[in-house]
Amino acid sequence: MEERLQKVLAQAGVASRRASEKLIQAGRVMVDGKIVTELGTKVSTFSNIAVDGEPIERESTHTYVLYKPRGVVSTAKDEKGRKTVVDFLSDLPYRLYPVGRLDYDTSGVLLMTNDGELANHLMHPRNEVDKVYVARIKGQLTGDDIYKLKKGMRIDDYKTRKAKVKILKTQRDKDRQIVQLTIHEGHYHQVKKMFKALGHPVEKLSRERYGFIDLEGLTAGDYRELSHLEIDRLKAL
Ligand code: URA
């Protein structure tokens, strides 16, 4: 994650944002060994920053898995004042941000981190990890529907990549089915759009797994910190 130099200085507790700007303009701030006087210079999580030759302490990185409940937005702020995923972790002494999004009415695995490098890695189209969803859909999938889901289908302006499909349960009396769908990418409303395009609107959706991170031991609203080992494994995906 890249951030403006004055913001990073302020976050590290060097000085207020305004005072940090003055430090930069006065030529007192070095980034990776070079004096930077330009306000708004972008620095990464890994840049070495020093003020008057003294390296600053950057915030340590933390990553959690949150079992996002339904009825919660996954942005940091909501203009309608609804509860956000960030609110669930507000007892922690650092600000964590969601890696990607889950819809308001979708529950399940959501990674929350202040590790910009990890977030960028996971969200990069080249690295996108398997995401396993369980959807309750209206009606029953035909063989042709399953073939389309698996092979890839055109949605809006993109074609979905190969997916895995598993029918978990068919409830003929209620005219619905519980389907597990594993996808790699994460377009806006992708799962709902895929089923809707086949004439089977999603009635309920949850994300059971993100890479190898699942909800084991958690109930809705719970979270736990990932271990160094888990983070290394995520970075290797
Ligand atoms: N696909 C959706 O449609 N919604 C989500 O929340 C996640 C994936």
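Keep in mind the model is a prediction, meaning the values are calculated, not measured. (Residues numbered from 1 in each chain as written. Predicted model: local features only at pLDDT ≥ 70, side-chain atom pairs only at ≥ 80, totals over all residues. Heavy atoms only, no water.)

**Details of the side chain of threonine 63**
Our working definition: Helix and strand definitions here come from DSSP, where helices need a minimum of 4 consecutive H or I residues and strands a minimum of 2 consecutive E residues; each element is numbered from the N-terminal end. Think of it in three bands: residues with accessible area under 20% of the maximum for their type are buried, residues over 50% are exposed, and the middle band is partly exposed, with areas taken using a 1.4 Å probe on protein chains only. Here a polar contact means two N or O atoms within 3.5 Å. Within protein one must be a hydrogen donor candidate and the other an acceptor candidate, and residues neighboring in sequence count only if both atoms are side-chain atoms. Pairs of residues are marked as contacts when any of their non-hydrogen atoms sit within 4.5 Å.
Looking at the secondary structure, you find threonine 63 in strand S7 (residues 63-68). By relative accessible area, which is 0% here, threonine 63 ends up buried. A polar atom in the side chain of threonine 63 sits 2.7 Å from the side chain of threonine 113. Setting aside residues no more than four positions away along its own chain, threonine 63 makes contact with Met112, Thr113, Asp115, Leu118, Arg224, Glu225, Leu226 and Ile231.

**With respect to the nonpolar core**
Here is the rule we go by: Nonpolar core, defined: a set of buried Ala, Val, Leu, Ile, Met, Phe, Trp, Tyr and Cys residues in which side-chain atoms within 4.5 Å join the residues together.
Counting residues in each nonpolar core, the largest one holds 32 residues, and the members touching the most others are Met112, Leu149, Leu181 and Phe195. Where this core is concerned, the elements lending two or more residues are S7, helix H3 (85-88), strand S9 (106-113), strand S10 (131-138), strand S14 (176-183), helix H6 (190-197) and strand S15 (202-210). Discounting chain neighbours no more than four positions away, the residues touching methionine 112 are His62, Thr63, Tyr64, Leu66, Val85, Val86, Leu89, Leu96, Tyr97 and Pro98. Within the second largest apolar cluster, 15 residues are counted, among which are Val65, Val99, Leu118 and Leu226.

**Comments concerning the site of the ligand**
Operational definition: Each residue is tested against the molecule or strand, and it is near if at least one of its non-hydrogen atoms lies within 4 Å. Note that accessible areas follow from Shrake-Rupley with a 1.4 Å probe, and for residues the cover is restricted to the protein chains shown. Charged means Asp, Glu, Lys or Arg here, nonpolar means Ala, Val, Leu, Ile, Met, Phe, Trp, Tyr, Cys or Pro, and polar covers whatever is left, Gly included.
Around the ligand sit Leu102, Asp103, Thr106, Tyr133, His189, Gln190, Val191, Lys192 and Leu205, and that is every residue in its neighbourhood. Separating an oxygen atom of the ligand from a backbone N or O atom of histidine 189 is a distance of 3.3 Å. Valine 191 places a main-chain nitrogen or oxygen 3.1 Å from a nitrogen atom of the ligand. For the ligand, whose accessible area on its own is 230 Å², the fraction buried by protein is 96%. With three residues, H6 is the largest single contributor of residues to the shell around the ligand. Here the residues of the shell around the ligand sort into four nonpolar, three polar and two charged.

**What about the packing of aromatic side chains?**
Condition: Two aromatic rings, drawn from Phe, Tyr or Trp (for Trp, its six-membered ring), form a pair once their centres lie within 6.5 Å of each other, and the interplanar angle then sorts them: stacked below 30 degrees, edge-to-face above 60, tilted otherwise. A ring has a charge above it when a Lys NZ or an Arg CZ is no more than 6 Å from the ring centre and no more than 35 degrees off the ring normal.
Under the definition given, this model contains one aromatic pair. With a centroid separation of 5.7 Å and 70° between ring planes, the pair formed by tyrosine 64 and tyrosine 223 is classed as edge-to-face. Taken together, the positions of tyrosine 64 in strand S7 and tyrosine 223 in strand S17 (residues 223-225) put the pair 159 residues apart, joining distant regions of the chain. Exposure remark for tyrosine 64: the relative accessible area of 7% places this residue in the buried category. Look at tyrosine 223 and you get partly exposed, because its relative accessible area is 27%. In this structure, arginine 82 packs its charged tip against the face of tyrosine 104, placed 4.5 Å from the ring centre. In this arrangement the basic side chain of lysine 83 is found over the ring face of phenylalanine 88, its NZ or CZ atom lying 4.7 Å from the centre.

Honestly, that's just the spatial picture; any functional story needs more than this.
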